[in-house]
Amino acid sequence: MGPANKSQLSPSTFWLMGIPGLEHLHVWIGIPFCSMYIVAVMGNVTILAVVRAERSLHEPMFLFLCMLSVTDLVLSTSTLPRMLCLFWMGAHDFAFDACLTQMFFIHSFTAMESGFFLAMAIDRYVAICDPLRHATILTHSRIAQMGVAVVLRGVGFFTPHPILLKQLPYCRSRIIAHTYCEFMAVVKLACVDTGATKRYSLSVASVIGSCDGFFIALSYVLILRAVFRLPSREASLKALGTCGSHVCVILVFYSTAVFTFLTHRFGHNVAPQVHIFIANMYLLVPPFLNPIVYGIRTKKIRDYVLSFLRIKVS
């Protein structure tokens, strides 16, 4: 379908534009995106396989890491393959129901990612600040309850998104200036007042993000206070190195999320290609970095993978 009749799409479809102004670079942009996706899938699957195979890794930190890995796999797989079809095969048409389904997975699993970052921060706080009670506080049943609570929160708060959009009439152009079905990009196409719908979405995102961010920051402040009180300099440096890498991943996730949120609210002068590129990084970089930071840099997982490779080679 050519540009001339994009606005005449069937009511059952949308037209994904991609990155406005960079259409001629879509093929090349797809190469690093695909590479990051491959690394994300391989890394997260490896973490899941290692933790499942090694019973000594059935500890709170690694169980939460598995939950984060599943979230990353769903989040990246719900966006990247479809995005690469757009970049490499020019597949701009996107069915309306498929668009709403993708939107639900993106927003609900992003909320879950934030929740699991908070759960992992709580785990690190208990492990460092109250190590003797770590196993009794974070039992397997309590870990399961925390995981279920994070999932239910993500599903509960973002199930209304596709339902609300399903009810709206779309009498304007159905061109979505984005690489995936993002809530605000779709709601702008409705031909009725959507102020209440936008306010609900922004309120939910801001409440979840600010609450999780506050408690994550508080956890790491308390962790740092405990670390600086450790008698051993070597133990302090080791704990700082571990926490530092974790904080870097969390900062990447929240900084890109905050930029995307503020752009929707205030950033009318931000170039569309900048906004969309950052929005893509918000979905691609954490699933790519998490297995590296939480997996490769974790000695137990690294040692298991290396020993497995040595057995295979010998």
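Only a predicted model underlies this, so the values are computations on that prediction, with no experimental measurement involved. (Residues numbered from 1 in each chain as written. Predicted model: local features only at pLDDT ≥ 70, side-chain atom pairs only at ≥ 80, totals over all residues. Heavy atoms only, no water.)

Undergrad: Is there a simple way to explain the overall build of the chain in this structure?
TA: Regarding its fold elements, the chain presents twelve helices and three strands. What you see for the chain is a C-alpha radius of gyration of 21 Å, in line with the 20 Å of a compact globule of 314 residues. Burial analysis of the chain (314 residues in total) assigns 46% to the buried set. Counting only contacts in the chain whose residues sit at least 6 apart along the sequence, the fraction spanning at least 24 positions is 76%. Roughly 15,500 Å² of accessible area belongs to the chain as shown, and the carbon and sulfur atoms make up 69% of that amount. Positive and negative side-chain charges in the chain, numbering 25 and 14 respectively, have mean positions lying 3 Å apart. (Helix = DSSP H or I, 4+ residues; strand = E, 2+ residues; numbered from the N terminus. Rg over C-alpha atoms; globule rule 2.2 N^0.38 Å. Buried < 20%, exposed > 50% of the residue type's maximum accessible area, 1.4 Å probe, protein only. Contact = heavy atoms within 4.5 Å. Areas by Shrake-Rupley, 256 points an atom, 1.4 Å probe, with all protein chains shown as cover. Lys, Arg positive; Asp, Glu negative; His and termini not counted. Charge placed at Lys NZ, Arg CZ, Asp CG, Glu CD.)

Undergrad: Which parts of the structure should I look at to understand the environment of Ile176?
TA: Here Ile176 shows up in strand E3 (residues 175-176). For Ile176, the contacting residues outside a window of four places in its chain are Phe14, Trp15, Leu16, Met17, Gly18, Cys99, Cys181, Ala185, Val186 and Leu189.

Undergrad: Please clarify how the packing of aromatic side chains should be interpreted in this entry.
TA: What describes a pair of aromatic rings is the distance from one ring centre to the other and the angle between the planes of the rings. For the coordinates displayed, the defined rule picks out eleven aromatic pairs. On the basis of an interplanar angle of 85° and a centroid distance of 5.1 Å, the ring pair of Phe253 and Tyr254 is categorised as edge-to-face. Phe253 sits in the buried class, given a relative accessible area of 2%. Residue Tyr254 is classed as buried on the basis of its relative accessible area of 14%. Members of the aromatic cluster, connected to one another through ring pairs, are Phe117, Phe253, Tyr254 and Tyr282. (Phe/Tyr/Trp six-rings, centres within 6.5 Å; stacked < 30°, edge-to-face > 60°.)

Undergrad: How do you make sense of the confidence of the model for the chain when you look at a structure like this?
TA: Do not read the predicted coordinates in detail wherever pLDDT is low. Predicted confidence across the chain gives a mean pLDDT of 84, with 92% of residues reaching 70 or more. This model gives residues 1-10 a pLDDT under 50, and the stretch forms twelve contacts once residues within four places in sequence are excluded. (pLDDT = per-residue confidence, 0-100.)

Undergrad: Sorry, what's going on with the state of the cysteines here?
TA: In protein structure, a disulfide is the covalent linkage between the sulfur atoms of two cysteines. In total, this model carries one disulfide according to the counting rule given. Between Cys99 and Cys181 runs a disulfide, and the two sulfur atoms are separated by 1.9 Å. The S-S bond linking Cys99 to Cys181 shows a torsion near -120°; that makes this disulfide left-handed. Of the two residues, Cys99 sits in helix H4 (residues 96-129) while Cys181 sits in the loop between E3 and helix H8 (183-187), which places them 82 residues apart along the sequence. Accessibility classification places Cys99 together with Cys181 in one group, the buried group. (Disulfide = S-S within 2.5 Å.)

Undergrad: Just checking my understanding: could you explain the pattern of salt bridges for this structure?
TA: Any two side chains of opposite charge can pair, on the condition that their charged atoms come close. Following the criterion strictly, the structure yields four salt bridges and no others. In this structure, Asp97 engages Lys166 in a salt bridge whose closest nitrogen and oxygen atoms are separated by 2.5 Å. Taken together, the residues span a long stretch of sequence, with Asp97 in helix H4 and Lys166 in helix H7 (residues 160-167) at a distance of 69 residues. Assessed through its relative accessible area of 42%, Lys166 is described here as partly exposed. When the shortest N-O distance is used, the salt bridge between Arg153 and Asp212 registers 2.8 Å. Pair noted here: Arg153 is in helix H6 (residues 140-158) and Asp212 is in helix H9 (residues 195-227), with a separation of 59 residues, a long-range link. With a relative accessible area of 3%, Asp212 lands in the buried category. (Salt bridge = Lys/Arg side-chain N within 4 Å of Asp/Glu carboxyl O.)

Undergrad: Please clarify how H7 should be interpreted in this entry.
TA: Every buried residue of H7 is listed here: His161, Pro162 and Leu165. With its buried residues spanning 90° around the axis, H7 presents them on a single face. Of the surrounding elements, those touching the buried residues of H7 are H4, H6, H8 and H9. (Arc of directions from axis to C-beta.)

Undergrad: Is there a simple way to think about the sheet that holds E3 in this case?
TA: Two orientations exist for strands paired in a sheet by backbone hydrogen bonds: parallel and antiparallel. One open sheet holds the three strands; their spatial order is E2-E1-E3, and the pairing between them is mixed. With partners counted over all chains shown, the strands left at the sheet margins are strand E2 (93-95) and E3, one partner each. Sitting on the sheet, H4 is in contact with strand E1 (13-16), E2 and E3, with an inclination near 80° to E2. (Pairing = 2+ DSSP bridges. Axes fitted to C-alpha atoms, helices over the stretch in contact; angles between N-to-C directions.)

Undergrad: Explain the nonpolar core to me, please; I cannot follow it from the model alone.
TA: General note: in soluble globular proteins, nonpolar side chains tend to be found buried as a group. By size, the foremost hydrophobic cluster in this structure holds 78 residues, and its most contacted members are Phe33, Leu165, Tyr170 and Ile176. The dominant element in this core, judged by the number of residues it contributes, is H4, at 14 residues. (Core = buried A, V, L, I, M, F, W, Y, C linked by side-chain atoms within 4.5 Å.)

Undergrad: Whenever I open this one, the side chain of Asp72 confuses me. Can you help?
TA: Turning to its location among the elements, Asp72 is positioned in helix H2 (residues 60-77). Of the side chains bearing the opposite charge, Arg153 lies closest to the buried Asp72, which forms no salt bridge; the N-O distance is 13 Å. Ignoring sequence-local partners within four residues, the contact set of Asp72 consists of Asn44, Glu113, Pro286, Pro287 and Asn290.

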